[in-house]
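# Chains, contacts and geometry: an overview
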2 protein chains.
Amino acid sequence: MDRIKRNERLAALTRLLTEAPNRIHTLSHFCEMLGAAKSTLSEDIDILRDVFDTFGLGKLDTVTGAAGGVRFRPHMRREDAMAFLTGLCSDLQSSNRMLPGGFLYLSDILSMPEITRKMGTIIAGEFYDAAPDFVLTMETKGIPVALMTAQSMDVPLVIARRSSKVYEGSAVNINYVSGSAGHIETMSLSRRAVKEGQKCLIVDDFLKAGGTAKGMVDLMSEFNVEVVGTAFVMERAQQGHKLISNAKALMTMDVTEDGELTVKPADWL
Amino acid sequence: MDRIKRNERLAALTRLLTEAPNRIHTLSHFCEMLGAAKSTLSEDIDILRDVFDTFGLGKLDTVTGAAGGVRFRPHMRREDAMAFLTGLCSDLQSSNRMLPGGFLYLSDILSMPEITRKMGTIIAGEFYDAAPDFVLTMETKGIPVALMTAQSMDVPLVIARRSSKVYEGSAVNINYVSGSAGHIETMSLSRRAVKEGQKCLIVDDFLKAGGTAKGMVDLMSEFNVEVVGTAFVMERAQQGHKLISNAKALMTMDVTEDGELTVKPADWL
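As a starting point, this report considers the structure included with it.

Calculation notes
Residues numbered from 1 in each chain as written. Chains lettered and ligands numbered in written order. Predicted model: local features only at pLDDT ≥ 70, side-chain atom pairs only at ≥ 80, totals over all residues. Heavy atoms only, no water. Least-squares fit on C-alpha atoms with pLDDT ≥ 70 in both. Contact = heavy atoms within 4.5 Å. Phe/Tyr/Trp six-rings, centres within 6.5 Å; stacked < 30°, edge-to-face > 60°. Helix = DSSP H or I, 4+ residues; strand = E, 2+ residues; numbered from the N terminus. Buried < 20%, exposed > 50% of the residue type's maximum accessible area, 1.4 Å probe, protein only. Lys NZ or Arg CZ within 6 Å of the ring centre and 35° of its normal. Pairing = 2+ DSSP bridges. Right-handed = clockwise from strand over helix to strand, strands pointing away. Salt bridge = Lys/Arg side-chain N within 4 Å of Asp/Glu carboxyl O.

### Overview of the relation of the copies chain A and chain B
When chain A is fitted onto chain B, the two copies agree to an RMSD of 0.0 Å after a turn of 180° and an axial shift of 0.0 Å. The relationship between the two copies is best expressed as a two-fold rotation axis. Residue by residue, 100% of the interface of chain A is reproduced at the interface of chain B, so both copies engage with the same surface.

### Some thoughts on the packing of aromatic side chains
Throughout the structure, instances matching the rule amount to four aromatic pairs over all chains. Measuring from ring centre to ring centre gives 6.4 Å for Phe103(A) and Tyr167(B), while their planes differ by 50°; the resulting arrangement is tilted. Here the residue Phe103(A) occupies a position in strand β4 (residues 103-104), and Tyr167(B) occupies one in the loop between β6 (157-160) and β7 (171-177), the pair thus bridging two chains. Here Phe103(A) falls in the partly exposed class, since its relative accessible area comes to 26%. Over the ring of Tyr105(A) we find Arg192(B), and its NZ or CZ is 4.9 Å from the ring centre. Looking at Lys248(B), its charged tip hangs above the ring of Phe127(B), at a distance of 6.0 Å from the centre.

### Let's talk about the pairing of β6(B)
Residues and elements named next belong to chain B. Neither face of β6 is open: one carries Leu157 and Ile159, the other Val158 and Ala160, and all of them are buried. Pairing analysis gives four bridges linking strand β5 (residues 134-138) to β6, with the strands arranged parallel. Bridged to Met138 within β6 is Ala160. Crossover connection from β5 via helix α6 (residues 143-153) to parallel β6: handedness right-handed.

### Overview of unusual backbone geometry
All names here are of chain A. The omega torsion of the bond from Glu139 to Thr140 falls at 10°, within 30 degrees of zero and hence cis. With respect to the secondary-structure elements, Thr140 resides in the loop between β5 (134-138) and α6 (143-153). Residues other than glycine seldom take positive phi values, yet Ala131 does so here, at roughly 45°. One can find Ala131 in the loop between α5 (113-127) and β5. Of note, Asp154 is a non-glycine position whose phi angle comes to about 60°, a positive value. Considering the arrangement of structural elements, one finds Asp154 in the loop between α6 and β6 (157-160). Judged by relative accessible area, Asp154 falls into the partly exposed class, the value being 29%.

### With respect to the pattern of salt bridges
Inspection of the entire model under this criterion finds 42 salt bridges over all chains. Put simply, Arg71(A) and Asp61(A) hold a salt bridge, and the shortest N to O gap is 3.4 Å. Of this pair, Arg71(A) sits in strand β2 (residues 69-73) while Asp61(A) sits in strand β1 (residues 59-63); the two residues are ten residues apart in sequence, bridging distant segments of the chain. Accessibility expressed as a relative area gives 16% for Arg71(A), which makes it buried. Owing to a relative accessible area of 26%, Asp61(A) belongs among the partly exposed residues under this scheme. Here the salt bridges share partners, and the residues they tie into one network are Arg15(A), Glu19(A), Arg23(A), Asp154(A), Glu114(B), Arg117(B) and Lys118(B).

Quick look at the structure:
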């Protein structure tokens, strides 16, 4: 009976911890829910930590102190991340995805739950220590990856719009220069969406010259919000100056003058 | 040692099954990965099924036949779903969310990972049997809930746009009448995004007169895709005729002539 109980507890704990990632759960909460003593649950957590390490299923940490407890963080091992991205790059390169104008069709990849979840896990893994209060993206294509990143980090996702909408309430609008096209564009964010003094992680789908990313950074400074990082799914390699620095992209693409495409995983991983 | 091993297997199995929902995993795959016999793994699965049932953590099914195996489906018990939605309705009603024109500020709720994950779980629970090949939404605000629904069902998310974009390739555009405003609007979807003969679940944030939803249904008929269901986060109660029928909304809102807001959980749950 005792043996069955530990089995049950371990399965339940795994589900409860992994479905609420990056959140500190007190042992007392689990004690009550699962009818076990704290010492028993501590042993359970030790077992789980080892299992998660062994199979590369994420990181389980014990956080000490008054607000302490146990916390699960989705995390992909470097070799798993490289294998995933290498496979993705090879798929992107082999399939017929080139569009007129040197664009690459990515919309399917960017909204597949399984793929975006993995991307979000890799990005989150780089920025847990920076402890952003929210993830910011610009509509539309980056939303799924940004949401999955936010989920891994247990913070809200905030979506900047191309124009202010009646159902967003009063908004701050900024104009920015789209880096590649050179057009003036507008970016809008509801005043309620963020609070002064917060920290923000920018996540978006594509980095070319960096105009949109620079726009998001400028928008955040209007709100007195600190940008602690910028991450992208894909970066377009180019000789020219990029408008933002220290951006982390999961993949880099390049197109030769003959129209030949190469896609490579990030070298910072 | 044997006892430790079962513990480890149960924890690993829980994580592996729940992070790849609605997918049939063969026992042989787990046998190889975890170094256990099929009979042993069958016992493990029986234990997990009971634990998941006991704590309302989702459903574990054994699928028989040649392509058989074990499948985890996120599922929220009726009472848990009602408690979640009742709490959400009460939050929405008590906070100062009314905007000029009778609009309700929902953008924060609609992009919080934890909230949208639960909404996606409830919606998916209603449509597993309909077995859609993908989830369709219209940009922008419904994307997070639609993605979470797609994740629960292990199908791709497809996003219709307000206009065709160069990086989406050739597209099918349709015009539709926005039900509440009466404007003519355009909706666009890349030709590559879906295949003839597929089945689609429509998920969006807000149902008023149903113009946008009707547009999505019409768009699907252009692709010869069958719509197997329509689900919304919020429905605006109104006497008038709605342009689509059989829609399932998680919550219903009403605003009296005095501007008083009521928000209630769905009665179909």
